[in-house]
Amino acid sequence: MFLQQLVNGLTLGSLYAVLAIGLTLVFGVLNIINMAHGGIFMIGAFVGLFMVTIFNVNIFVALIVAMAVGAILGYLLEFVALRPLRKKKVSHLAPLISTIGVSIFIESLALLLWGPQTRSFPPDYIGGLIDFGAFKISMVQIIGLGVSILLMVILNVVIKKTKIGKAIRAVSMSTETAALLGINPTMIISVTVMIASALGAAAGVLVGLSFNAIEPTMGVIIGFKGLAVLILGGLGNITGAMVGGFILGVAEVFSVAYGASTFRDAVAFGLIILLLFWRPQGLFGSKDKGGRP
């Protein structure tokens, strides 16, 4: 029983980790919380669903297309809602409110286009359970866990080993210094938001497949959970977002298994409250940098 719940928690946590990494990237570079991330997450889920049901592609092709759409939405978000405010050097609250407005717009547009009803992937995509004796795992869980870990590994390699990753880290430390070194901060910020949004869209497909429930408001509560993971791991810390995602997933699953399902969504925010008393900067954050690495 314990091992089964642990496996379920880790698979769920991997999805939260992918979602939270997108929020972490944007915060690390722009020092703002992107509240539109949940809306892009939801659009990604719908794109994946339509690719599967209308164009009859496999889930991996649908995932790639959803990530491409998410990247495009990320560029539009940065170009329309963030860049003009950044040029005017307004308060940090202005971009936050701007992303909230974008989130509401995306959700309203989705309700207008697709209605409020819940949609789901075809039954043949759900698959059966594979029995390992001590625990059982479905193909959906294997796909979700495998793709999530792959995306996290690729992102780590990009951030730590590539030129674009080094530029992202430089801009996150100081846009002025980065510009003096010949880096184009505007381009790097756009790329960062695009990568973050692509990850958010990927998380949308994987969560939609795992829970088999896709609807226009699904990005709201999941967006808050992503924020919970962001704070739990440490603001702007990618490693913290990964670990925080797994912690939240395991905590949620065990709270349902050994408690009541009604407390599932409250677990994330309960963890935040406890953590803020014990370690306000997050698990991997540092006191002098507000949680950032």
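Please read these numbers as outputs of a predicted model, since none were measured by experiment.

1. Thoughts on the nonpolar core
Link 1 in the chain: In terms of nonpolar packing, the biggest core is built from 73 residues, with Ile21, Leu25 and Leu30 touching the most fellow members.
Link 2 in the chain: Looking at which element gives the most residues to this core, the answer is helix α1 (residues 2-30), with twelve residues.
Link 3 in the chain: In this structure, Leu30 is in contact with Leu82, Arg86, His92, Ile189 and Val193, ignoring residues within four places of it in sequence.

2. Let's talk about the UniProt feature "transmembrane region" (unreviewed entry) in the protein
Link 1 in the chain: Following the UniProt record, one finds the feature "transmembrane region" (unreviewed entry) at residues 12-33, 40-57, 63-81, 93-114, 134-158, 226-250 and 256-278.
Link 2 in the chain: With 100% helix and 0% strand, residues 63-81 has end C-alpha atoms that lie 26 Å from one another.
Link 3 in the chain: Within the segment residues 134-158, helix and strand shares are 80% and 12% respectively, and the terminal C-alpha atoms sit 36 Å apart.

3. So, helix α11 (residues 264-278)
Link 1 in the chain: For α11, spanning 15 residues, the distance from its first C-alpha to its last is 22 Å, which sits close to the expected 21 Å at 1.5 Å a residue.
Link 2 in the chain: Three or more residues of α11 are buried, namely Val267, Ala268, Ile272 and Leu275. Buried residues in α11, looked at end-on, bunch into an arc of 135°, giving them a common side. Exposed residues lying more than 90 degrees from the buried face of α11 are Leu274 and Phe277.
Link 3 in the chain: Residues of α11 that are buried sit in contact with α9 (218-233) and α10 (238-258).

So, how was this worked out
Residues numbered from 1 in each chain as written. Predicted model: local features only at pLDDT ≥ 70, side-chain atom pairs only at ≥ 80, totals over all residues. Heavy atoms only, no water. Core = buried A, V, L, I, M, F, W, Y, C linked by side-chain atoms within 4.5 Å. Buried < 20%, exposed > 50% of the residue type's maximum accessible area, 1.4 Å probe, protein only. Helix = DSSP H or I, 4+ residues; strand = E, 2+ residues; numbered from the N terminus. Contact = heavy atoms within 4.5 Å. UniProt positions renumbered as here; feature names shortened; annotations may be inferred. Expected span 1.5 Å × (residues − 1). Arc of directions from axis to C-beta.

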